[in-house]
Amino acid sequence: MDPVKIGEALPFALMGLFAALLAAPEARAQLDPVRRDLVQIGYSRSVEGSVPVAAYGYYYLSRPEFLREDRALRLAATPLYLDGELGFRDAFGPGTDLGIGLSGGGFAYIYNEIQKGEWLRDQSFTGHGGAASLSLYHLFNPGELIPLNGIVRAGFTYVSYVRSSRNPESFTLPPNQPVATLRAGIRFGGQEPRLQPPFALELSAWYESQLRFSPGAYGFDGDRQVERFVQKAWGRALLDYTLADSRHRLTLSVVAGTSLHPDRLSAYRVGGTFTLASDLPLVLPGYIEGELSARNLVLMGATYSVPLEPMQRWVLSGGGSTARIDYTPGLEQPGAWNTGVGVGVTYLSLSRSWKAFLSYGYGFNAVRGDRRGGNALSLQIQIDLENRGGAAAGPPSSDFFERVIRLLRALSFTG
């Protein structure tokens, strides 16, 4: 890649960072039964080369009783983008809830073209848009310790793509795109929308279809395609477990996904360390966020965390993940396996109102020019506005089993 003059690159980088920080996360398919006021911020940077800005920043609000006991509100907000859902409990009988979702704003559909570790800015572009959805949430086993939920969501999205000064005249953008989506899934257990939650247990399976109303060719002389009908299916197994006495934390996860008629805009994007910027984080340390584009994949990961002092405000973490990938057509690279490892340190404030996680990752198979091996640094911060100004947290509860039961019951997303 030709070097870019500093005076030319700096304004572009600043604009990219601003856009990324304003981008909202993908909506999570759930009604949150817990009151929350969280600020989530993340920034990641690959050490090598010129890479797209990888960042997120949003305010997450949950009100399980909004105006009335049978109403719930979930909201993820940035200055330029808003994603919200109003829930109606027992709208279709006991245990069956209705969610009405609206979202819209700018920079929500940015596409970065990355080929063999190289960011191609002339083939990357921004998308703005909005969406509306209707969701049904059904709890199959009321009263049981671990909830079993079914979710069905139908939605309509409109995306408008915007040419940047980096796109040459010979590069055609995808047509502005109306998209109808249908997602259905079943989930046993779940995971809270928090940075490094102490407990989580999930087994889930999902199906999603996307019907594009304006398919067609784009790119250079129509060398790539927006498919009319894309189908995806994936499953996830996840365990977060914190030992009561030592506060050591173990995380294990497996994700497997496949697709029919995939294209660049609908593919699974694998890489990076962000866990709160998507409803299906595909973590691979040492890689650029979303560096690898997959039509089929199996991803396995593990992390172990150890407190560094009795107050448990400093925690050292280490782990890694490996993925077997069938690449999206046109974005292939040598070798199906990609592996990365990472080490990081978490600081938890005395009042327990905020935490920060700084990490370094090395990607063994990341393509960087004519060699393999990628290095990346990331910082993630969570601020809990519910606990601001609070007193220092006391020692962990001695009744470990009781705490686990309370948390698992809270993971019943239909309330």
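Residues numbered from 1 in each chain as written. Predicted model: local features only at pLDDT ≥ 70, side-chain atom pairs only at ≥ 80, totals over all residues. Heavy atoms only, no water.

A. Region of the structure containing the overall build of the protein chain. Helices and strands together make up the secondary structure of the protein chain, namely 2 helices and 22 strands. Within the protein chain, the proportion of its 415 residues that are buried is 50%. Look at the contacts in the protein chain between residues 6 or more apart in sequence, and 63% of them connect residues 24 or more apart. When the accessible surface of the protein chain is totalled, it reaches about 18600 Å², and 63% of it is carbon and sulfur. (Helix = DSSP H or I, 4+ residues; strand = E, 2+ residues; numbered from the N terminus. Buried < 20%, exposed > 50% of the residue type's maximum accessible area, 1.4 Å probe, protein only. Contact = heavy atoms within 4.5 Å. Areas by Shrake-Rupley, 256 points an atom, 1.4 Å probe, with all protein chains shown as cover.)

B. Representation of unusual backbone geometry within the structure. For Leu67, which is not glycine, the phi torsion reads 70 degrees and is therefore positive. Mapped onto the elements of the fold, Leu67 is located in the loop between strand 2 (54-63) and strand 3 (71-77). For Leu67, a relative accessible area of 77% gives the class exposed. Although it is not a glycine, Gln196 sits at a positive phi angle of roughly 55 degrees.

C. Highlighting the sheet that holds strand 14 (residues 224-226). The strand order across the open sheet formed by 3 strands is 10-13-14, and the pairing between neighbours is antiparallel. The open sheet has two free edges, formed respectively by strand 10 (171-172) and strand 14, since each of these has just one partner strand. Here 3 bridges tie strand 13 (residues 216-220) to strand 14, and the two strands are oriented antiparallel to one another. Each bridged residue has a counterpart across the sheet, and for Gly216 the counterpart in strand 14 is Val226. (Pairing = 2+ DSSP bridges.)

D. Representation of the pairing of strand 2 in the model. Along strand 2, 9 of the 10 residues are buried, which leaves the element largely enclosed by surrounding structure. Alignment of strand 1 (residues 36-46) against strand 2, held across 9 bridges, turns out to be antiparallel. Bridged to Ile41 within strand 2 is Gly57. Strand direction decides the pairing type here: strand 2 and strand 3, joined by 5 bridges, are antiparallel. From the neighbouring strand, Tyr59 faces strand 3, where its bridge partner is Ala77.

E. Fine view of the pattern of salt bridges. A full pass over the atoms with the stated rule returns 22 salt bridges. For Asp83, the salt bridge is made with Arg74, and the minimal N-O distance between the two is 3.6 Å. Like Arg74, Asp83 is buried. Among the charged side chains, a network of salt bridges with common partners joins Glu48, Glu291, Arg368 and Arg371. (Salt bridge = Lys/Arg side-chain N within 4 Å of Asp/Glu carboxyl O.)

F. Representation of the packing of aromatic side chains in the model. Here the structure, examined in full by the defined rule, presents 12 aromatic pairs. Ring centres of Phe171 and Phe220 lie 5.1 Å apart, and the angle between their planes is 65 degrees; on these two criteria the pair is classed as edge-to-face. With a gap of 49 residues between them, Phe171 in strand 10 and Phe220 in strand 13 connect regions that are remote in the sequence. Judged by relative accessible area, which is 0%, Phe171 ranks as buried. Residue Phe220 is classed as partly exposed on the basis of its relative accessible area, which comes to 24%. Pairwise contacts between aromatic rings join Tyr111, Phe125, Tyr161, Phe171, Tyr218 and Phe220 into one cluster. Lys232 extends its terminal NZ or CZ atom over the ring of Tyr268, reaching a point 4.4 Å from the ring centre. (Phe/Tyr/Trp six-rings, centres within 6.5 Å; stacked < 30°, edge-to-face > 60°. Lys NZ or Arg CZ within 6 Å of the ring centre and 35° of its normal.)

G. Representation of a nonpolar patch on the surface in the model. A cluster of nonpolar side chains, contributed by Val47, Leu308, Trp314, Leu316, Val343, Tyr360 and Leu377, occupies part of the molecular surface with about 640 Å² of accessible area. Relative to the helices and strands, Val343 resides in strand 20 (residues 337-348). Taking relative accessible area as the criterion, Val343 reaches 43% and is therefore assigned partly exposed. (Patch = residues over 30% accessible without salt bridge, like charges linked within 9 Å, V, L, I, M, F, W, Y side chains within 5 Å.)

H. Just the environment of Val315, in detail. Within the secondary structure, Val315 sits in strand 19 (residues 314-327). The class for Val315 is buried, based on a relative accessible area of 18%. Through-space distance from the C-alpha of Val315 to that of Leu348 is 8.3 Å; in sequence the pair is 33 residues apart. Excluding anything up to four places from it in sequence, Val315 contacts Ser305, Val306, Pro307, Leu308, Gly344, Val345 and Thr346.

I. Expanded view of the nonpolar core. Tyr268, Val270, Leu282, Leu292, Leu297, Leu299 and Ile325 are the most contacted members of the largest nonpolar core, which totals 20 residues. Elements represented by at least two residues in this core include exactly strand 17 (268-270), strand 18 (292-307) and strand 19. Top element by residues in this core is strand 18. It accounts for 4 residues. The next biggest cluster of nonpolar side chains, apart from the first, holds 10 residues, and it includes Leu38, Phe274, Leu276 and Phe357. (Core = buried A, V, L, I, M, F, W, Y, C linked by side-chain atoms within 4.5 Å.)

Treat this as a map of the structure, not an account of what it does.
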